[in-house]
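# Fold and contact review
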Amino acid sequence: MTINIQYVQMPTSEAMNDLITSKLNRLAGKFEWVIRAEVHFKKENDPSGKGKICEMELSAPGPRIFARSNEDDFEKAAANTIKDLEKQLNKRKAIMNKR
């Protein structure tokens, strides 16, 4: 699986790159039909204390798989986004196994 990580209007982080790469590679091991992952980290000014956004889009057979989280730090946002993606991938796998 090819992983493309982008940081929008913020500095890059090697630690976040390693964390995201390891988590997405774990998903790729479970779902070998996932081809590519696009990851975007964004920072917004949010008065509620949140504003750290993680968006991920996976390329796989069928419609795109997309998830987005807005948390108070990027690690939480990434974990929630990956959890949402895994739910969607499990649903897609169930549909594919019925055919």
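Details of the structure are given in the entry above.
To start, this report covers the structure provided alongside it. (Residues numbered from 1 in each chain as written. Predicted model: local features only at pLDDT ≥ 70, side-chain atom pairs only at ≥ 80, totals over all residues. Heavy atoms only, no water.)

### A look at the pairing of strand S2 (residues 36-43)
Taken together, the seven bridges between strand S1 (residues 2-8) and S2 define a ladder with parallel strand orientation. Residue pairing in the sheet places Tyr 7 in a bridge with Phe 41 of S2. In this sheet, strand S3 (residues 52-59) lies alongside S2 in antiparallel orientation, the contact comprising eight bridges. By the bridge assignment for S3, Val 39 is matched with Met 56. (Pairing = 2+ DSSP bridges. Helix = DSSP H or I, 4+ residues; strand = E, 2+ residues; numbered from the N terminus.)

### Points about the pattern of salt bridges
Enumeration according to the criterion identifies seven salt bridges in this entry. Here Lys 30 and Glu 86 are joined by a salt bridge, their closest N and O atoms 2.6 Å apart. Taken together, the residues span a long stretch of sequence, with Lys 30 in helix H1 (residues 14-30) and Glu 86 in helix H2 (residues 74-98) at a distance of 56 residues. Overall, Glu 86 belongs to the buried group, its relative accessible area being 17%. (Salt bridge = Lys/Arg side-chain N within 4 Å of Asp/Glu carboxyl O. Buried < 20%, exposed > 50% of the residue type's maximum accessible area, 1.4 Å probe, protein only.)

### A short note on the nonpolar core
Residues Ile 20, Phe 41, Met 56 and Leu 89 are the most contacted members of the largest nonpolar core, which totals 24 residues. For this core, the elements supplying multiple residues, two or more each, are H1, S2, S3, strand S4 (65-71) and H2. Ranked by residue count, the leading element in this core is H2, at six residues. Once residues within four sequence positions are removed from consideration, Phe 41 is found in contact with Ile 5, Gln 6, Tyr 7, Val 8, Met 10, Met 16, Ile 20, Ile 53, Cys 54, Phe 74 and Ala 78. (Core = buried A, V, L, I, M, F, W, Y, C linked by side-chain atoms within 4.5 Å. Contact = heavy atoms within 4.5 Å.)

### So, the environment of Arg 68
Tracing the backbone through its elements, the reader meets Arg 68 in strand S4. Classification of Arg 68 as partly exposed rests on a relative accessible area of 43%. Sequence spacing of Arg 68 and Asp 84 is 16 residues, and the spatial spacing of their C-alpha atoms is 8.3 Å. When sequence neighbours within four positions are dropped, the list of residues in contact with Arg 68 reads Glu 44, Ile 53, Cys 54, Glu 55, Thr 81 and Asp 84. Looking at Arg 68, its side chain comes within polar contact range of the side chain of Glu 55, at 2.8 Å. (Polar contact = N/O pair within 3.5 Å; in protein donor to acceptor, adjacent residues only side chain to side chain.)

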